[in-house]
Amino acid sequence: MPVSGSLIDVVVSLALVYVLTALICSAIREVFASAFRLRQKTLERAVRDLCGENDDPCVTNNLAGRILDHPAVRKLRLPGGTAPSQLSARLFAGALLDELSAAARTSGVHRPRVADLIAAAPNSDLQRTLGLFAQEAGMDRQAFGQRIEEWYDDAMDRASGWYRRRSQRWILAVAALVAVAFNIDTLEIARLVWVGMPAATDAAMLTGGHGLPVGWSLPEDGRTWAAGWAALMEVLAHPTKLLGFAITAIAVTMTADLLFSLMRRRSAASRVERLASAAQVAPCPAPLPVGGRVAERAESDLEASGLTRDDIEDIQRALGMTGRFLTGHLDPATRSMIEEYQLSVGRRPTGILTPYLVERLLAPSER
């Protein structure tokens, strides 16, 4: 039989099939993950592990539960009371220190120090861990909190790897079911694209006899459902068919993992682009009269530059704000500090961020 396709045709056809199937399997996986709250359970498991409470999951009123039920964390819940699936390191460290401070004050300490926070930890494992961080931070509370944030980020990286491996197993199982359900046989698809016409086999009959590489359909020749089912089982029992389905499931799993990695890299790159655009040096225009509507409108528009909470925290640190004032929001305290900074550089104190101020505050010389 003459060859009607080429290697490029086979590769492109299989790539399109794998990408489309990977998208379908990823969507099914997301439905299951949402239904069974897999992300929320992963976060809860990681927090319990950090607090040293995974050995006894039946403990009531535990530290991990109080952290996840902290008012600042509770506000992240979705409508309906669904627990959050993600928690920032800053928020975890703040909730942990607040719960330890509350426990220390309960024991009679009015102004808890780092040593008092360590003593308030509910188990020896957490006390030893926090004691190590306190020594590394020189018993400085701010450095102690930053060390806890780094500890949490490391734990989340480990939890993300565990969740990713679990998701890969889910996608592999779903891909195998989808491959069988839709007759996505890699070997058969490659053969059909290569030779152009299928052989007159039961597989060709079950796919409609039209050379379609995907999908099952019973032929309209009076065959009963029982006979059609028997022919289908005979096809599925063939080793070559099973090998084709296995190759499809593995390739779809790898494709879904590649798409997930590309999405994460694009998300990280978009944040870098936002930071770069926000820090671009913009020519400083001549100051307009105070109270002019044109000036107020221009600065308000320039402030809407897509800054994230992390960007605003960096700006707050550059303004000299620390501790509980690092909110990640343009609150009244931050506006007041912006006004003071504007006065120090000879600009009109509006309290509004402009690209000029963002560039000045995020520059390394200002930190």
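A short tour of the structure in this document, coming up. (Residues numbered from 1 in each chain as written. Predicted model: local features only at pLDDT ≥ 70, side-chain atom pairs only at ≥ 80, totals over all residues. Heavy atoms only, no water.)

## Quick look at the overall build of the chain
Then, number 1: On a plain count of helices and strands, the chain comes out with 16 helices and 0 strands.
Then, number 2: Within the chain, the proportion of its 367 residues that are buried is 36%.
Then, number 3: Excluding contacts between residues fewer than 6 apart, the proportion of contacts in the chain whose partners are at least 24 apart in sequence is 61%.
Then, number 4: Carbon and sulfur atoms make up 61% of the accessible area of the chain, which totals about 21,500 Å². (Helix = DSSP H or I, 4+ residues; strand = E, 2+ residues; numbered from the N terminus. Buried < 20%, exposed > 50% of the residue type's maximum accessible area, 1.4 Å probe, protein only. Contact = heavy atoms within 4.5 Å. Areas by Shrake-Rupley, 256 points an atom, 1.4 Å probe, with all protein chains shown as cover.)

## Some points on the packing of helix H2 (residues 38–50) against helix H8 (residues 141–181)
Then, number 1: Where H2 meets H8, the axes come as close as 10 Å, and the angle between the chain directions of the two elements is 140°. By the angle between their axes, H2 is oblique relative to H8. For the crossing formed where H2 meets H8, the hand is right-handed. Mapping the contact onto sequence places Leu-38, Arg-39, Thr-42, Leu-43, Arg-45, Ala-46, Asp-49 and Leu-50 in H2 and Trp-151, Tyr-152, Ala-155, Met-156, Arg-158, Ala-159, Trp-162, Tyr-163, Arg-166 and Trp-170 in H8. (Axes fitted to C-alpha atoms, helices over the stretch in contact; angles between N-to-C directions. Parallel < 35°, antiparallel > 145°, perpendicular 65-115°, else oblique. Left-handed = near helix turned anticlockwise from the far one by under 90°.)

## Some points on the packing of helix H15 (residues 332–344) against helix H16 (residues 355–362)
Then, number 1: Two elements in contact, H15 and H16, have axes separated by 12 Å at closest approach and are oriented at 90°. In this view, H15 runs roughly perpendicular relative to H16, as classed from their interaxial angle. Along the contact surface, H15 presents Ile-338, Tyr-341 and Gln-342, while H16 presents Leu-357, Arg-360 and Leu-361.

## With respect to the pattern of salt bridges
Then, number 1: Enumeration according to the criterion identifies 14 salt bridges in this entry.
Then, number 2: Note that Asp-69 and Arg-74 form a salt bridge whose closest N and O atoms lie 3.5 Å from each other.
Then, number 3: Given a relative accessible area of 36%, Asp-69 falls into the partly exposed group.
Then, number 4: Overall, Arg-74 belongs to the partly exposed group, its relative accessible area being 38%.
Then, number 5: Beyond isolated ion pairs, a larger network of salt bridges with shared partners links Arg-90, Glu-313, Asp-314 and Arg-317. (Salt bridge = Lys/Arg side-chain N within 4 Å of Asp/Glu carboxyl O.)

## Side note on a nonpolar patch on the surface
Then, number 1: Residues Leu-7, Val-11 and Trp-194 make up a contiguous nonpolar surface patch of roughly 310 Å² in combined accessible area.
Then, number 2: Following the sequence through the fold, Trp-194 ends up in helix H9 (residues 186–195). (Patch = residues over 30% accessible without salt bridge, like charges linked within 9 Å, V, L, I, M, F, W, Y side chains within 5 Å.)

## Section: helix H14 (residues 309–318)
Then, number 1: Every buried residue of H14 is listed here: Asp-311, Ile-312, Glu-313, Ile-315, Gln-316 and Ala-318.
Then, number 2: One or two residues past the end of H14 sits Gly-320, with phi positive at roughly 95°.

## Topic: the packing of aromatic side chains
Then, number 1: Tallying each qualifying case throughout the model produces 5 aromatic pairs.
Then, number 2: Ring geometry for Phe-32 versus Trp-170: centroids 5.4 Å apart, planes at 50°, classification tilted. With a gap of 138 residues between them, Phe-32 in helix H1 (residues 7–35) and Trp-170 in helix H8 connect regions that are remote in the sequence.
Then, number 3: Centre to centre, the rings of Phe-92 and Tyr-152 are 4.6 Å apart; their planes meet at 20°, and the pair counts as stacked. Taken together, the positions of Phe-92 in helix H5 (residues 89–106) and Tyr-152 in helix H8 put the pair 60 residues apart, joining distant regions of the chain.
Then, number 4: The class of Phe-92 is buried, set by a relative accessible area of 0%.
Then, number 5: Among the aromatic side chains, those forming a connected cluster through ring pairs are Phe-32, Phe-36 and Trp-170.
Then, number 6: Here the guanidinium or amino end of Arg-45 rests over the ring plane of Trp-162, the centre of that ring lying 4.3 Å away. (Phe/Tyr/Trp six-rings, centres within 6.5 Å; stacked < 30°, edge-to-face > 60°. Lys NZ or Arg CZ within 6 Å of the ring centre and 35° of its normal.)

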